[in-house]
Amino acid sequence: MSDRSGRERSLFGLDPEWLARRQEEILDPDLPIVDPHHHLWDREGMHYLLDALLADLNSGHRILATCFLQCNSMYRAGGDPALAPVGETEFVNGVAAMAASGTYGDTKVCAGIVGFADLFLGDKVDRVLETHLERGGERFKGVRYCSVWDADQSIKSTPMDFPKEMLLDPKFRAGFARLEKFGLSFEGWLYHPQIPEFADLARAFPGTTMVLDHLGAPLGIGVYRGRRDEVFADWKRNLAELARCPNANIKLGGLGMHVFGFGYDEADEPASSATLAEAWRPYVETAIELFGTKRCMFESNFPVDKRSCSYHVLWNAFKRIAAGGSGSEKADLFKDTATRVYRLAGIA
């Protein structure tokens, strides 16, 4: 174990010098990509704003557009607490406007924005959703609500804590029911034992587009460490249940997070895209088998996954996994599914 492991075990710690040790030629550089999942924030120990994002986007792959996902960033400091998350949408919409000027290149940065609204507000959440749409305009596409929970409280993927079985709570669902009225999607971040709760929600609201983040997180740490085959079987069974819901889509990524237990974030040297592809392939191919390419999309989950690999290595790994697919299947996975789910206009 290297002396970098303690720093890298923090939730979002990065080591740019370590990442720079792995440089690769870009595979299939002309393949068009929409990155449907990244964040922007300025936190203690990590700056990831437009300049840092652009450095990754311009590292060699052909990124046509991106979507921003909520991360409790730049909330309004005063006023009605229920409207505080609108500050994030205002901030990101400003970043998107900067990128749309053409000053920073051709990528449509933050062409889609997925924000946060407290769905426990019930029908009172309408005012929050309306304000998001006013401030985010056509870029505002949906709401993400994390619900990560496990009996093993040592498993942490976010500084926040969430209640058990939150997605089943009638008060939560009262607010959730308002999303369809506004044509907004719902995005969930949870662990693999919780996928049946997400499936139950999808069945209850068939008119709402659902997106499961990060492959539904088959866990590999805490009490799940050393039980990869058992976890895989449970995860696949739960995912098959969700796949039967036609309104459900899934993001193929997040595998660089420590909760998956691969340990690449703690290695002495950064892994190659070939090594990552070999480890990640069973999960990605299983999800594609269950959902089909038209409901699957590769995601970067940057800067969170940057703790394990750089942006150009990550997309090389995904391209290796998808190498055997047809042209239309690759188009789905790398661009078309994300374009459809987030209703992105003007993506060539």
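Because the structure is a prediction, the values reported are computed rather than measured.

Novice: What exactly am I supposed to notice about the overall build of the protein here?
Specialist: A count of helical and extended segments in the protein gives 11 helices and 10 strands. The C-alpha radius of gyration computed for the protein amounts to 19 Å, which stays within 12% of the reference 20 Å derived for 348 residues, consistent with globular compactness. Along the three orthogonal principal directions, the C-alpha set of the protein runs to about 50 × 50 × 40 Å. Residues counted as buried form 58% of the 348 residues belonging to the protein. Taking the contacts inside the protein whose residues are at least 6 apart along the sequence as the reference set, 80% of them involve residues at least 24 apart. Of the accessible surface of the protein, which amounts to about 13800 Å², a share of 50% is contributed by carbon and sulfur atoms.

Novice: Sorry if this is basic, but what is going on with the sheet that holds strand β5 (residues 108-115) here?
Specialist: By way of backbone hydrogen bonds, the strands of a sheet pair with one another, either parallel or antiparallel. Overall, parallel pairing links the eight strands, which are arranged β1-β4-β5-β6-β7-β8-β9-β10 in an open sheet. One side of each edge strand has no neighbouring strand; the edge strands of this open sheet are β1 (32-38) and β10 (296-298). The mean angle between the axes of side-by-side strands here comes to 30°, regardless of whether they run parallel or antiparallel. With five bridges joining them, strand β6 (residues 140-146) and strand β7 (residues 185-189) adopt parallel strand pairing. Residue pairing in the sheet places Y145 in a bridge with G188 of β7. Against the sheet, helix α7 (residues 195-204) touches β7 and β8 (210-212), its axis set at about 170° to β8. Sheet strands in contact with helix α9 (residues 273-291) are β9 (248-252) and β10, and its direction is about 160° off that of β9.

Novice: How should the packing of aromatic side chains be read in this particular structure?
Specialist: Ring pairs (aromatic) are described by centroid distance and by the angle formed between their planes. Counted according to the given criterion, the structure contains 23 aromatic pairs. Considering the side-chain rings of W189 and Y191, the 5.8 Å spacing of their centres and the 85° angle between planes classify their relative orientation as edge-to-face. Of the residues examined, Y191 reaches a relative accessible area of 2% and is grouped as buried. A network of ring pairs unites the aromatic residues F116, F120, Y145, F172, F176, F186, F198 and F205 as a single cluster. When the ring centre of W41 is taken as reference, the NZ or CZ atom of R43 above it lies at 3.9 Å. The ring of F262 is capped by R228, whose NZ or CZ atom sits 4.6 Å from the centre of that ring.

Definitions and limits used
Residues numbered from 1 in each chain as written. Predicted model: local features only at pLDDT ≥ 70, side-chain atom pairs only at ≥ 80, totals over all residues. Heavy atoms only, no water. Helix = DSSP H or I, 4+ residues; strand = E, 2+ residues; numbered from the N terminus. Rg over C-alpha atoms; globule rule 2.2 N^0.38 Å. Buried < 20%, exposed > 50% of the residue type's maximum accessible area, 1.4 Å probe, protein only. Contact = heavy atoms within 4.5 Å. Areas by Shrake-Rupley, 256 points an atom, 1.4 Å probe, with all protein chains shown as cover. Pairing = 2+ DSSP bridges. Axes fitted to C-alpha atoms, helices over the stretch in contact; angles between N-to-C directions. Phe/Tyr/Trp six-rings, centres within 6.5 Å; stacked < 30°, edge-to-face > 60°. Lys NZ or Arg CZ within 6 Å of the ring centre and 35° of its normal.

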